[in-house]
There are 4 protein chains.
Amino acid sequence: MTNNIHEECGVFGIYSDRTANVAGTVYLGLYALQHRGQEACGIAVCDDGVFSSKKGEGLVSEVFDENTIKSLGEGNIAVGHVRYSTTGGGGLNNIQPLTIRHIKGNLALAHNGNLVNAEELRRGFELSGAIFHSTSDTEAIAYEIVSERLKSSSTEEAVSKIMSKLKGAYSCVLMTATKLIAFRDPNGFRPLVMGKRNDGAYIIASESAAIKAAGGELVRDIMPGEIAVIDKSGVRSIRTNTCGKGSLCVFEYIYFARPDSVIDGASVHHARLRAGQYLAKDSAVAADVVIGVPDSGLDAAMGYAKESGIPYGIGFVKNKYIGRSFILPEQHSREDAVNIKLSVIKETVNGKRVVLVDDSIVRGTTCARIVQLLREAGAKEVHMRVSSPPFRHSCYFGTDIDSEDDLIACRYDNTEDIARVIGADSLAYLSIEATSEIAEDCRLGICNGCFSGKYPIEITKAPQKNKFEQKIHR
Amino acid sequence: MTNNIHEECGVFGIYSDRTANVAGTVYLGLYALQHRGQEACGIAVCDDGVFSSKKGEGLVSEVFDENTIKSLGEGNIAVGHVRYSTTGGGGLNNIQPLTIRHIKGNLALAHNGNLVNAEELRRGFELSGAIFHSTSDTEAIAYEIVSERLKSSSTEEAVSKIMSKLKGAYSCVLMTATKLIAFRDPNGFRPLVMGKRNDGAYIIASESAAIKAAGGELVRDIMPGEIAVIDKSGVRSIRTNTCGKGSLCVFEYIYFARPDSVIDGASVHHARLRAGQYLAKDSAVAADVVIGVPDSGLDAAMGYAKESGIPYGIGFVKNKYIGRSFILPEQHSREDAVNIKLSVIKETVNGKRVVLVDDSIVRGTTCARIVQLLREAGAKEVHMRVSSPPFRHSCYFGTDIDSEDDLIACRYDNTEDIARVIGADSLAYLSIEATSEIAEDCRLGICNGCFSGKYPIEITKAPQKNKFEQKIHR
Amino acid sequence: MTNNIHEECGVFGIYSDRTANVAGTVYLGLYALQHRGQEACGIAVCDDGVFSSKKGEGLVSEVFDENTIKSLGEGNIAVGHVRYSTTGGGGLNNIQPLTIRHIKGNLALAHNGNLVNAEELRRGFELSGAIFHSTSDTEAIAYEIVSERLKSSSTEEAVSKIMSKLKGAYSCVLMTATKLIAFRDPNGFRPLVMGKRNDGAYIIASESAAIKAAGGELVRDIMPGEIAVIDKSGVRSIRTNTCGKGSLCVFEYIYFARPDSVIDGASVHHARLRAGQYLAKDSAVAADVVIGVPDSGLDAAMGYAKESGIPYGIGFVKNKYIGRSFILPEQHSREDAVNIKLSVIKETVNGKRVVLVDDSIVRGTTCARIVQLLREAGAKEVHMRVSSPPFRHSCYFGTDIDSEDDLIACRYDNTEDIARVIGADSLAYLSIEATSEIAEDCRLGICNGCFSGKYPIEITKAPQKNKFEQKIHR
Amino acid sequence: MTNNIHEECGVFGIYSDRTANVAGTVYLGLYALQHRGQEACGIAVCDDGVFSSKKGEGLVSEVFDENTIKSLGEGNIAVGHVRYSTTGGGGLNNIQPLTIRHIKGNLALAHNGNLVNAEELRRGFELSGAIFHSTSDTEAIAYEIVSERLKSSSTEEAVSKIMSKLKGAYSCVLMTATKLIAFRDPNGFRPLVMGKRNDGAYIIASESAAIKAAGGELVRDIMPGEIAVIDKSGVRSIRTNTCGKGSLCVFEYIYFARPDSVIDGASVHHARLRAGQYLAKDSAVAADVVIGVPDSGLDAAMGYAKESGIPYGIGFVKNKYIGRSFILPEQHSREDAVNIKLSVIKETVNGKRVVLVDDSIVRGTTCARIVQLLREAGAKEVHMRVSSPPFRHSCYFGTDIDSEDDLIACRYDNTEDIARVIGADSLAYLSIEATSEIAEDCRLGICNGCFSGKYPIEITKAPQKNKFEQKIHR
């Protein structure tokens with residue numbers, strides 16, 4: 001609610017030895033990944049080589065019901081996708097899984113991430129007469145695979161050959177008539193995990209929480225640069241070149257992923273607790289209570305409380321009924337809207353010095369209103385602690401961040417000024433150095449480019465959204 | 001209602017000198033073409049090169065409302081499409097206009113008809129790595145145009161070069177960033193007309209009735225083999241090779257088209273009257289009243305009455321509220337369903353010898369029920385007259401006919417047997433010869449392949465629907 | 001389409017000896033009565049004394065589907081209602097059947113007509129503490145029945161006692177735990193018929209067409225002043241005082257009812273033919289073709305043609321897809337809307353002297369547009385013939401007519417002026433005298449108050465709609 | 001999610017000196033009260049004596065949108081209601097506010113609570129010919145008021161006279177043409193508060209959280225037995241007899257109300273913390289972490305942690321996208337459903353002795369699954385602590401509790417057995433005595449009848465739901 005930073009997708013796939021309601025499993029998995037994208041979703045099922053798919057705009061609960069799940073029929077392989085995108089870049093043609101037919105058969109592709117050279121790849125294909133239905137870079141990946149497939153003995157061989165051409169972030173699941181293939185870019189920007197169910201079915205998902213939700217157990221991460229192929233002979237792995245230690249997006253730990261997920265070896269919940277602890281160590285303040293902004297600030301708040309010894313409190317009630325259909329009636333101020341979305345428990349903060357923890361500050365406006373709500377409820381002091389460094393740069397790898405003009409950390413020179421703008425008595429951010437420390441068990445390096453401006457791969461031009469002159473309305 | 005024969009599409013396009021609510025005009029046009037396809041529809045608008053589109057399953061009234069029309073925005077060119085397809089061949093990806101991006105920009109294509117060599121065309125492209133999103137032959141046409149466009153100086157030049165490769169029926173409107181292009185196959189299987197509005201805007205449509213509905217006047221037909229290009233310098237025409245006199249589908253006159261349309265010079269209403277007159281001349285019978293099955297049998301019934309001198313009567317009331325959402329409740333027979341859809345006016349037929357005129361007989365079951373209804377209402381004799389010859393063959397050019405196994409004219413050797421099956425005292429069809437005579441002002445030859453088995457172009461294999469192993473559910 | 005005069009309701013009821021899908025039968029019946037009211041509908045089912053009901057705003061096809069029919073369950077009695085009302089008088093509480101609980105059990109009531117003393121009846125009950133949920137006079141009828149029921153030995157006895165208190169029009173079906181009761185006001189303003197199905201089930205309906213649609217056969221009319229009681233011992237009848245010969249609304253024959261219905265002994269189709277014949281006799285004109293405005297002008301046009309010897313022609317195509325969801329896009333004139341709703345078949349009228357027949361003229365604006373369309377299509381002369389007299393007065397018995405200020409016949413002194421306003425070369429109406437002649441087999445007298453200003457019962461005050469200060473929005 | 005106990009309603013009203021978007025304010029208020037009822041809702045607006053209303057089944061977000069709020073128009077008084085009811089007792093007629101017309105004008109009534117003598121009251125009215133549209137006791141209250149109003153000089157006088165006749169729980173808001181009247185039963189079973197906005201508008205609501213959400217501040221509680229009248233001359237109060245100290249439902253503190261609400265002087269959050277503290281004192285156990293079941297178990301868990309000194313942890317992630325439209329796909333077990341709704345954070349519990357706190361145990365099945373989830377995540381011991389006493393009795397005052405047959409505390413003799421059934425290492429409940437202590441600042445006595453079986457007013461017969469033989473389907 002308090003965040004203008006958006007993840008761009010979640011992917012899910014299942015391979016079963018026998019014919020089953022695989023669409024139902026993907027449905028459960030997408031529910032568990034819904035936080036990674038709320039604008040559209042889709043499921044494609046393979047039943048003995050015949051593909052069925054259903055996609056639509058909206059939440060999983062809006063696109064799928066008992067009948068649509070049933071209409072997809074049974075099968076032994078299925079893939080699914082949840083998608084975030086801004087209005088302009090939406091449209092039915094962009095909803096995934098991308099399902100296409102090519103010379104060797106059918107193919108369904110679900111992609112999380114963002115390529116930085118999508119436009120070059122497209123141009124290359126267009127020069128030989130290709131047509132593009134969508135504005136997403138996923139279609140360029142599909143063209144690469146299909147093109148290489150003509151010269152390869154298998155789809156996985158085609159994938160292994162084209163991965164060096166794709167620059168940027170891609171955690172993908174790919175369904176063919178007989179195989180489920182997962183592949184992750186050499187940097188491993190976005191998470192991708194493999195799980196297994198008691199009945200022997202294999203699951204690929206963006207997060208381990210989705211494996212649990214689908215009734216399976218986490219087996220391992222798909223490694224950066226890895227291609228995992230699942231078919232009737234089991235799982236086998238192809239390793240392509242990786243980029244050193246890799247560079248997982250640290251904001252997955254800080255905000256995107258579910259706290260119950262374990263990514264590349266590290267617990268998200270634990271990483272958030274540690275972020276709070278670092279904040280407490282580096283930016284201590286005398287206070288009576290530590291509270292977090294629900295839901296994403298709670299873990300770090302608890303870490304802060306634990307490290308500082310200041311009691312943890314429940315500061316807010318979040319109205320769980322506020323959704324996209326909530327409208328602000330005429331004659332009612334924006335303040336009424338915040339009042340109804342987020343309500344302070346006066347009991348917790350009245351007459352107290354409060355440490356307020358949130359995961360990030362983007363524009364600062366919501367943050368300022370929350371500080372004001374606390375003061376109205378009687379807080380004597382409000383000390384804001386943010387469990388990420390200031391956002392100052394763009395992301396090229398699948399995160400949608402406001403333009404730099406809107407970022408409060410770009411508009412003000414120093415933290416004191418920002419504290420003043422949001423009305424806090426003090427303000428402190430997690431240090432950029434600490435971003436490498438919070439996920440202590442993480443096997444990969446991290447990417448903190450949006451904070452540091454240092455990116456793990458060379459960026460030649462600005463990130464663009466809606467760069468094609470084609471708007472497809474819903 | 002009484003017909004299992006389906007047209008496959010209707011197309012509409014507008015080019016205006018100035019920016020206007022062109023989406024609204026297409027909306028009106030599609031309403032007037034709704035009888036040509038009720039399963040899906042779409043509109044694409046070009047505003048200074050930027051394309052916006054909206055497509056969906058259902059009637060125009062279901063897919064579009066005030067907000068969606070508004071969201072398409074203003075523009076100066078727009079195209080639209082209404083689509084018929086069977087369930088399996090549906091899916092969002094198949095809804096037109098097909099909107100794509102290629103090396104030279106954007107393109108929107110709406111197609112009525114059916115190619116007989118679509119599979120070969122596809123295969124050729126797929127061999128060079130092409131991917132197909134849809135199962136419709138329209139995407140193959142788009143690939144041909146885009147591929148040729150790389151070597152041509154204009155889109156219309158590309159169209160003119162590829163028309164010889166396309167075998168079958170295609171009446172198309174094509175929108176580029178600056179032009180509206182209409183093209184019709186050399187046989188002219190499906191109608192395509194050009195109109196003009198008082199404000200100077202040009203209109204292309206499947207039928208002249210849609211031009212009227214959009215506030216314009218019919219200018220002329222697009223000729224078989226013609227490419228008409230409309231842009232800021234006006235209209236210009238490219239003529240490619242034609243196939244002799246052409247071969248317009250005669251069933252457009254008999255059933256598909258609206259009676260108020262004028263196709264290739266001939267009034268549809270007039271052609272139907274003449275079909276009734278031919279029937280009266282060739283198959284006279286002593287009777288007291290001539291009635292038609294609403295709505296498509298009424299014109300021919302009037303022609304029969306005029307020629308025979310037997311009084312014309314209103315024999316049925318059709319329930320106009322019965323739509324796709326009507327369901328037959330449990331414990332109610334199929335007969336109840338016919339009762340509620342079509343009701344006899346007893347007054348008209350009681351105690352009389354009745355000539356019953358309908359446009360065609362497909363399976364014969366509905367026809368048999370109607371004859372029975374007349375008998376229950378007191379008709380002494382029922383003489384069935386059909387304003388088309390017996391259906392005995394497939395159509396390869398865009399009409400969806402039941403399989404030969406289900407066609408009553410294939411299942412029974414002679415007309416007497418069929419009369420007996422449907423319970424009529426006598427039965428007569430329009431002669432195959434007369435099909436060439438009914439549209440006396442038609443400038444083209446006609447195709448009556450579904451009746452005669454003689455097709456104007458060579459057919460090498462059976463027509464296939466849903467031939468690709470890809471089901472895309474709604 | 002061309003008419004601003006509205007019927008206010010249709011009713012339907014079924015009594016079966018055994019438990020069956022009676023809701024499904026009512027559903028079929030309401031489909032057949034949909035023309036009598038499109039704004040709301042409802043069904044109530046009695047299963048061994050337990051009532052279930054479902055009501056909603058919209059067409060039968062919008063309110064009911066397979067699931068809702070199923071959810072009503074089986075039963076042995078059921079009643080249904082289709083409703084017309086203006087926006088303000090709508091609201092969920094006014095939708096019928098009215099289902100209530102009283103001291104003796106449950107009761108469901110469906111009413112067609114309008115009381116002229118509803119306000120007095122209400123006031124009487126309110127003075128003793130009654131509360132009203134709806135603004136419809138049906139609730140007052142229910143209160144009368146329930147109140148009398150306390151002192152009576154049966155519901156039918158209660159009905160028989162209160163009928164003298166109800167002034168105005170009411171054709172009702174009433175369901176109790178064990179009976180289906182039909183009653184019709186002593187004048188018989190609105191039709192009400194009884195039918196029977198092969199399985200022994202009895203049907204009550206506003207029109208015989210609904211009995212046919214539900215698989216039954218017309219048995220007889222419910223007589224003015226009659227109470228028909230159907231229960232396990234069969235049908236019995238209670239006759240209360242009648243008002244002379246009765247006074248059936250003649251506009252039921254002219255416009256409201258379906259042409260395939262037979263009302264009080266007379267065929268609606270036949271009455272319309274005769275209206276056309278009277279017009280031809282009284283207002284002959286030299287012409288080349290007679291055409292009717294679809295659908296309600298067609299029968300009278302045929303009668304005119306028959307009587308005059310001028311050939312009948314099909315003059316218009318009506319777009320059957322235009323429904324409530326059709327919107328007129330911006331930048332498009334009202335004329336475009338008429339163009340798309342009603343299209344002239346040029347072939348029929350070009351270069352000809354045309355007799356144009358419609359059932360009525362209310363405001364004259366649509367009529368003027370239709371005359372203009374004919375001229376644009378090349379008609380040399382247009383002679384308008386109207387199969388009813390001019391509307392000049394209000395109706396108090398269940399028909400919703402425009403206010404006198406808007407009626408063209410009130411605004412202009414003579415027919416010549418009206419002809420000029422609508423652009424016709426000549427204009428003639430059916431004479432008031434002829435209204436008593438058209439339904440030659442009708443056993444009742446007729447009410448033509450809206451034409452003549454002479455009403456069969458005394459009217460003390462102006463008809464009011466939405467007279468209560470309670471607006472209930474959808 | 002984990003609870004089968006349901007509150008039956010929430011009410012809201014506003015009175016403004018000037019005409020304003022009062023419907024919009026009620027909309028905001030109902031959003032804040034949505035937890036009190038999710039099955040239906042409604043708003044009624046009074047604009048200068050004219051009432052408009054809109055009601056429907058579903059959440060506030062489903063029934064209301066920008067257009068419906070706009071269609072209600074402006075006004076100066078408005079009332080709203082959110083409703084819980086089981087399927088059978090649903091139906092459109094039962095949705096509140098109840099809007100009726102009586103001899104003195106219009107009236108809209110919204111009611112939270114349950115009368116124990118509704119059936120007697122009804123019967124009395126029915127004996128004099130009254131008809132009932134709904135099966136809710138609210139209509140009986142309306143009849144009482146209207147009946148008394150005939151003999152009284154004002155509505156508030158009528159209310160004051162009838163309150164002694166109503167036995168049971170009722171916190172009501174009543175709207176007349178000029179007044180907003182709030183009244184609460186003499187026991188004060190259900191909360192009811194008054195607030196004020198900066199612009200002078202008065203607000204009545206079930207909970208103070210709704211006043212905040214609507215932009216106002218809590219002024220005071222409506223007292224048991226109080227009638228508060230708000231009109232243009234301000235607020236005045238009528239006190240009727242009260243029942244000693246009163247008897248507020250203690251389950252409002254434990255579960256129903258929002259933690260940010262203050263009821264009769266006591267903070268709900270604080271009462272829950274104290275419940276946890278009592279549990280820790282009375283049922284100490286050696287453990288490593290205290291976790292609460294979200295959302296209602298969190299406050300008590302924190303109280304337990306605080307009192308015991310055992311660290312508080314975040315044990316679960318609740319999937320916020322799971323709503324009524326979530327379905328459990330075929331071939332998936334109920335366990336998969338719990339997995340996806342509630343997910344354990346393994347990090348928090350693995351290898352630890354866990355104190356698990358929830359607000360109540362009803363049937364025990366969900367509870368058993370949660371304990372199992374903790375064990376699967378590696379918890380060494382699970383000690384269940386419940387912040388309410390065991391449910392063993394019915395509620396007659398507006399809470400819907402499972403039948404005694406299904407209550408686990410009725411089915412097993414002692415706590416040890418229940419602990420075994422749910423799989424916990426130990427189990428302890430809040431003592432009945434402690435229920436009187438948790439809300440230390442509460443000015444009223446409490447009702448704990450569902451735990452103790454001792455009710456503050458005499459109960460003569462069993463509570464009944466759906467006692468009338470009238471099912472009204474949606």
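Basis of the calculations
- Residues numbered from 1 in each chain as written.
- Chains lettered and ligands numbered in written order.
- Predicted model: local features only at pLDDT ≥ 70, side-chain atom pairs only at ≥ 80, totals over all residues.
- Heavy atoms only, no water.
- Buried < 20%, exposed > 50% of the residue type's maximum accessible area, 1.4 Å probe, protein only.
- Helix = DSSP H or I, 4+ residues; strand = E, 2+ residues; numbered from the N terminus.
- Pairing = 2+ DSSP bridges.
- Phe/Tyr/Trp six-rings, centres within 6.5 Å; stacked < 30°, edge-to-face > 60°.
- Lys NZ or Arg CZ within 6 Å of the ring centre and 35° of its normal.
- Axes fitted to C-alpha atoms, helices over the stretch in contact; angles between N-to-C directions.
- Domains from an automatic or database assignment.
- Contact = heavy atoms within 4.5 Å.
- Salt bridge = Lys/Arg side-chain N within 4 Å of Asp/Glu carboxyl O.
- Nonpolar A, V, L, I, M, F, W, Y, C, P; charged D, E, K, R; others polar.
- Buried area = accessible area lost by both parts, 1.4 Å probe.
- Polar contact = N/O pair within 3.5 Å; in protein donor to acceptor, adjacent residues only side chain to side chain.
- Least-squares fit on C-alpha atoms with pLDDT ≥ 70 in both.
- Expected span 1.5 Å × (residues − 1).

Peer 1: Give a detailed account of the pairing of strand β18 (residues 289-292) of chain D, specifying residues and quantitative values.
Peer 2: All names here are of chain D. Neither face of β18 is exposed, since Val289 and Ile291 on one face and Val290 and Gly292 on the opposite face are all buried. Taken together, the four bridges between β18 and strand β21 (residues 353-358) define a ladder with parallel strand orientation. In the strand pairing of β21, Gly292 is matched with Val357.

Peer 1: Run through the packing of aromatic side chains, naming residues and quoting values.
Peer 2: All names here are of chain A. Enumeration according to the criterion identifies 66 aromatic pairs over all chains in this entry. Ring centres of Tyr27 and Tyr31 lie 5.1 Å apart, and the angle between their planes is 80 degrees; this geometry places the pair in the edge-to-face category. Here the residue Tyr27 and the residue Tyr31 both occupy positions in helix α1 (residues 22-33), the gap between them amounting to four residues, near one helical turn. By the burial criterion, Tyr27 is buried, and Tyr31 matches it. Above the face of the Tyr278 ring, Lys281 is positioned so that its terminal group lies 4.9 Å from the ring centre.

Peer 1: Kindly report on the sheet that holds strand β13 (residues 226-231) of chain C, identifying the contributing residues and their values.
Peer 2: Residue and element names in this part refer to chain C. Taken in spatial order, the six strands make up an open sheet running β6-β7-β8-β9-β13-β14, and their pairing is antiparallel. Taken across any chain shown, the strands that pair with only one partner, and hence form the sheet edges, are β6 (98-102) and β14 (234-239). Strand-to-strand twist in this sheet, taken as the mean axis angle between neighbours without regard to direction, amounts to 20 degrees. Here four bridges tie strand β9 (residues 180-184) to β13, and the two strands are oriented antiparallel to one another.

Peer 1: Hey, could you go over the domain arrangement of chain A for me, with residue numbers and the actual values?
Peer 2: All names here are of chain A. Parsing chain A into structural domains produces domain 1 (9-246) and domain 2 (263-452). Here the C-alpha centre of domain 2 lies 33 Å away from the C-alpha centre of domain 1. Taken together, the contact between domain 1 and domain 2 spans 20 residues of the former and 15 residues of the latter. There are two salt bridges connecting domain 1 and domain 2. Linking Asp264 and Arg184 is a salt bridge whose minimum nitrogen-to-oxygen distance equals 2.8 Å. Grouping the amino acids of the side of domain 1 that touches domain 2 by side-chain chemistry returns seven nonpolar, eight polar and five charged.

Peer 1: Go over the interface of chain A and chain D with me, naming the residues and quoting the values.
Peer 2: Between chain A and chain D, the residue contacts involve 56 residues of the former and 56 residues of the latter. Together chain A and chain D conceal approximately 4,600 Å² of surface at their shared face, both sides included; 60% is due to carbon and sulfur atoms. Where chain A meets chain D, there are zero salt bridges. Inspection of the chain A/chain D interface yields 16 residue pairs in polar contact (both at pLDDT 80 or more). Broken down by element, the side of chain A that touches chain D gets its largest block of residues, six residues, from α1 of chain A.

Peer 1: Talk me through the side chain of Gln96 of chain A; I want residue IDs and the actual numbers.
Peer 2: All names here are of chain A. Its location among the elements puts Gln96 in the loop between β5 (75-83) and β6 (98-102). Side chain to side chain, Gln96 and His81 meet in a polar contact 3.3 Å long. Separated by 2.6 Å, the side chains of Gln96 and Thr138 make a polar contact. In this structure Gln96 touches Cys41, Gly42, Lys55, His81, Arg83, Leu109, Ala110, His111, Ser136 and Thr138, once residues within four positions along its chain are discounted.

Peer 1: With reference to specific residues and values, describe the relation of the copies chain C and chain D.
Peer 2: Between the two copies, chain C and chain D, the superposition gives an RMSD of 0.0 Å; the rotation angle is 180 degrees and the shift along the axis is 0.0 Å. Given the turn and translation reported, the copies of this chain are related as if by a two-fold rotation axis. Within chain C, Ala130 of chain C has its C-alpha nearest the rotation axis, a separation of 3.3 Å. A share of 100% of interface residues in chain C that are also interface residues in chain D marks the association as one of identical surfaces.

Peer 1: Tell me about the sheet that holds strand β22 (residues 381-386) of chain D, and please be specific about residues and values.
Peer 2: Residues and elements named next belong to chain D. Spatially, four strands are ordered β18-β21-β22-β24 in an open sheet, and the strand pairing comes out parallel. A strand with exactly one partner marks an edge of an open sheet, and here the two such strands are β18 and β24 (426-429). Strand-to-strand twist of the sheet, defined as the mean angle between neighbouring strand axes without regard to direction, takes the value 20 degrees. Taken strand by strand, helix α10 (residues 298-308) contacts β18, β21 and β22, and its axis lies near 160 degrees from that of β18.

Peer 1: Give me the relation of the copies chain A and chain D: which residues, what numbers.
Peer 2: Mapping chain A onto chain D is achieved by rotating through 180 degrees and translating by 0.0 Å along the same axis, at an RMSD of 0.0 Å. Of all interface residues in chain A, 100% are interface residues in chain D too; the two copies therefore contact each other through one and the same surface.

Peer 1: So what's going on with the arrangement of the chains? Residues and values would help.
Peer 2: Separating chain A from chain C is a minimum C-alpha gap of 13 Å, and the two share no contact. What separates chain B from chain D at the closest point of their C-alpha atoms is a distance of 13 Å, and the two make no contact.

Peer 1: Pulling in residues and values, what's your account of α10 of chain D?
Peer 2: Residue and element names in this part refer to chain D. Among all positions of α10, only Asp299, Ala300, Ala301, Met302, Gly303, Tyr304 and Ala305 are buried. On the buried face of α10, the contacting elements are α9 (268-282), β18, β21 and β22. Following α10 by one or two positions, Gly309 has its phi on the positive side, about 80 degrees.

Peer 1: Outline α9 of chain D, listing residues and values.
Peer 2: All names here are of chain D. Its 15 residues place the ends of α9 21 Å apart at the C-alpha level, agreeing with the 21 Å of an ideal helix rising 1.5 Å per residue. With 12 of 15 residues buried, α9 is to be regarded as a mostly interior element. The set of residues buried in α9 consists of Val268, His269, Ala271, Arg272, Leu273, Arg274, Ala275, Gly276, Gln277, Tyr278, Leu279 and Ala280. One side-chain oxygen of the residue at the start of α9 lies 3.3 Å from the amide nitrogen of His269, identifying that residue as Ser267.

Peer 1: Kindly report on the interface of chain C and chain D, identifying the contributing residues and their values.
Peer 2: The interface of chain C with chain D comprises 42 residues on the first partner and 42 residues on the second. Together, the buried faces of chain C and chain D total about 3,800 Å²; carbon and sulfur atoms form 52% of this surface. Inspection of the chain C/chain D interface yields four salt bridges. For the interface between chain C and chain D, the tally reads nine residue pairs in polar contact (both at pLDDT 80 or more). Sorting the residues of the side of chain C that touches chain D by element identifies β4 (50-57), α3 (66-72), β6, α4 (118-126), α5 (138-149) and β26 (470-472) of chain C as the ones contributing at least two each. Top element by residues in the side of chain C that touches chain D is β4 of chain C. It accounts for six residues. Here the side of chain C that touches chain D is composed, by residue class, of 17 nonpolar, 14 polar and 11 charged.

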